[in-house]
Amino acid sequence: MSETAKIIIENKTFEFPVVVGTENEKAIDTSKLRDTTGYVTYDDGYGNTASCESSITFIDGETGILRYRGYDIQDLAVQSNFIESAYLVIYGELPTVQQLQNFRHLILRNAAIHQGMFSFFEAFPNNSHPMAILSAMLNSLGCYYPEMATNNRQRDLEQLDNAATILLSKVRTLAAMSYRMKHGLPFIHPKPELPYCSNFLHMMFSEPYVDYKFNPVIDRALNLILLLHADHEQNCSTSTVRMVASGGANLFASASAGVCALWGPAHGGANMAVIHMLEEIHKAGDDGSSFVAAAKSGDKTKRLMGFGHRVYKNYDPRAKILKKTCAEVLNTLGVSDPLLDIALKLEEIATHDEYFLARKLYPNVDFYSGIIMRAIGIPVDMFTVMFAIGRMPGWIGHWRELATSKSPIHRPRQIYIGSPRREYVPIDKR
Ligand code: SDX
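Residues numbered from 1 in each chain as written. Predicted model: local features only at pLDDT ≥ 70, side-chain atom pairs only at ≥ 80, totals over all residues. Heavy atoms only, no water.

Asks: How do you make sense of the overall build of the protein when you look at a structure like this?
Replies: Secondary structure assignment for the protein yields 19 helices and six strands. Taken against the 2.2 N^0.38 rule, which gives 22 Å for 430 residues, the C-alpha radius of gyration of the protein at 23 Å falls within 12% of a compact globule. C-alpha atoms of the protein, sized along the principal axes, occupy 75 × 65 × 55 Å. The 430 residues of the protein split such that 49% are buried. Sequence separation of 24 or more characterises 70% of the internal contacts of the protein that already satisfy a separation of 6 or more. (Helix = DSSP H or I, 4+ residues; strand = E, 2+ residues; numbered from the N terminus. Rg over C-alpha atoms; globule rule 2.2 N^0.38 Å. Buried < 20%, exposed > 50% of the residue type's maximum accessible area, 1.4 Å probe, protein only. Contact = heavy atoms within 4.5 Å.)

As structure tokens, this is what we get:
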């Protein structure tokens, strides 16, 4: 006998089914609530609302667990790499040798961009933010591959493998091109023989006749950063992708919307904000303690960036892995970054401070990722773009999951708190 939940409204008892997930998370299925009671639920920010059932990622925020398709993030971080994990997130299983080879081949083959897109770059003002460029360019892919952007779900699904590898491959090329354009550097074309991350670094940092020097430590670190960002349940940007996809929009348009949602400082923009915060502390000659004091004021503009999370009320497992990688990469590169010392000091102070402990505020994925990207030479204004490259498999996987489900167009209700009915007043009487 499946569990139910009883709700008493105006002395009447209503019963609703309880949905139980694989890891025993429980939800009250309120899909018939309005029809049976006339009431809707109200949950500003959806912190208590499951918008869908999904098989892609599982997070236990209380104990700091993160799994892609059932595999622990710690296992994938040590044994897998970004492209293999991307396949897992999108298709649900770790690839065989042949499947991975085909996937890699499609990605390598799709690295270059259509000649027509070069003129887009010239049209952007030089100081354009790379996230604005990226969302525009990703959406324009639908113009160059109209057969994959028909907005006919069945036809777009038939083209998914191609559209997915085009997105995964070109997001890297477009990101590197926005960097080169901003710095007035000639575009560097992808090299088919280079693996995913090194090809990106080649397109970012090579010179016309001097190739970027491949460094296995950096390649590994970048693989790890992207892998750790690959998916994260119904975060703000992934929910946006599902929202846009639910109306039948194609994968390119949905991914472009995901980029826009990710840009905000409370979400993907936090990795840039962390570095700006650490630089500010460094410049002030502070050891972080007065900054922590200000962060406790409750003033949202003084928050400890890279700390806290809507779901993790424990240490973000990704931050744990990145903290370790941070030290390894800096040591191997012989780089000593004062910002890492400040970050470690901030963590030390905050994780022993009652204000943060009481609110279960711990370092999240953004707290250390920026220090590694800085050491690799990626400019701060590209950090959120790196997050978008990493999150692309998740957005694709959730688009595919929604497109193959019976989920209707997403259309939440609201509670109207505006003006009651009133008569129109002509302008000469106002
Ligand atoms: C990402 O959802 C995802 O999965 C996102 C992500 C992903 O992979 O997609 O994990 C990526 O977005 C990580 C989060 C990156 N953002 C930041 O690091 C920005 C700094 N963090 C905060 O703005 C905040 O912690 C949020 C937005 C992340 C979470 O906010 P919540 O859970 O809604 O917390 P809240 O705003 O309700 O605050 C609860 C309390 C408040 O104090 P009181 O009113 O109870 O006194 O905690 C305080 C807040 O003032 N608080 C902080 C704080 N975060 C919350 N105080 C100081 N510094 C902080 N960072």
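Back to the text.
Asks: Would you mind going over the sheet that holds strand β5 (residues 65-68) with me for this structure?
Replies: Hydrogen bonding along the main chain pairs the strands of a sheet, whether they run parallel or antiparallel. Here three strands make up an open sheet; going across it, the order is β4-β5-β6 and the pairing antiparallel. Two strands close off the open sheet at either side, each with one partner strand: β4 (57-60) and β6 (71-72). As judged from the four bridges shared by β4 and β5, these two strands associate in the antiparallel manner. Paired with D60 across the two strands is I65, which belongs to β5. (Pairing = 2+ DSSP bridges.)

Asks: What should I look at first to understand the environment of P146 in this one?
Replies: Its location among the elements puts P146 in the loop between α6 (130-144) and α7 (153-158). When the C-alpha atoms of P146 and D156 are compared, they prove to be 9.7 Å apart, with ten residues separating the residues in sequence.

Asks: What am I meant to see in the packing of helix α13 (residues 270-283) against helix α18 (residues 366-376) here?
Replies: The relative placement of two packed helices is expressed as an angle between their axes plus a distance between the axes. Where α13 meets α18, the closest approach of the two axes is 8 Å, and the angle between their N-to-C directions is 75°. As far as their axial angle goes, α18 and α13 are roughly perpendicular. Counting all contacts with α13, which are made through A270, N271, V274, I275, M277, L278 and E279, the residues of α18 involved are D366, F367, S369, G370, I371, M373 and R374. (Axes fitted to C-alpha atoms, helices over the stretch in contact; angles between N-to-C directions. Parallel < 35°, antiparallel > 145°, perpendicular 65-115°, else oblique.)

Asks: Would you mind going over the site of the ligand with me for this structure?
Replies: The environment of the ligand is made up of 23 residues, and the closest members are H232, L304, H309, R318 and R391. One of the backbone nitrogen or oxygen atoms of A266 is found 3.1 Å away from a nitrogen atom of the ligand. L304 places a main-chain nitrogen or oxygen 2.8 Å from a nitrogen atom of the ligand. Relative to its unbound accessible surface of 1,100 Å², the ligand loses 77% to contact with the protein. Across the shell around the ligand, the residue classes break down as nine nonpolar, seven polar and seven charged. (Near = heavy atom within 4 Å. Polar contact = N/O pair within 3.5 Å; in protein donor to acceptor, adjacent residues only side chain to side chain. Areas by Shrake-Rupley, 256 points an atom, 1.4 Å probe, with all protein chains shown as cover. Nonpolar A, V, L, I, M, F, W, Y, C, P; charged D, E, K, R; others polar.)

Asks: Please clarify how the packing of aromatic side chains should be interpreted in this entry.
Replies: For any two aromatic rings, the description comes down to two numbers: the centre-to-centre distance and the angle of the planes. Per the stated rule, a full pass over the model turns up 14 aromatic pairs. Consider the rings of F118 and F187, whose centres lie 5.5 Å apart with planes at 55°: the pair is tilted. Placement of F118 in helix α5 (residues 116-123) and of F187 in the loop between α8 (160-182) and α9 (196-205) is noted, with a sequence separation of 69 residues between them. Taken together, a centroid distance of 5.0 Å and an interplanar angle of 80° make the contact between F367 and Y368 edge-to-face. Members of the aromatic cluster, joined through ring pairs, are F307, Y355, F356, F367 and Y368. For the cation-ring pair, R172 lies above Y196, with the distance from its terminal atom to the ring centre recorded as 4.2 Å. (Phe/Tyr/Trp six-rings, centres within 6.5 Å; stacked < 30°, edge-to-face > 60°. Lys NZ or Arg CZ within 6 Å of the ring centre and 35° of its normal.)

Asks: Sorry if this is basic, but what is going on with the pattern of salt bridges here?
Replies: Note that side chains of opposite charge can pair when their charged atoms are close. All chains considered together, the criterion is met by 16 salt bridges. Across the salt bridge formed by K26 and E3, the nearest N and O atoms sit 3.3 Å from each other. With a gap of 23 residues between them, K26 in strand β3 (residues 26-28) and E3 in the segment before β1 (4-9) connect regions that are remote in the sequence. Given a relative accessible area of 51%, K26 falls into the exposed group. Note on E3: relative accessible area 41%, which makes it partly exposed. A salt bridge links E423 to R421; the shortest N-O distance between them is 2.8 Å. Look at R421 and you get exposed, because its relative accessible area is 72%. Because the salt bridges share partners, they merge into one network encompassing E23, R67 and D72. (Salt bridge = Lys/Arg side-chain N within 4 Å of Asp/Glu carboxyl O.)

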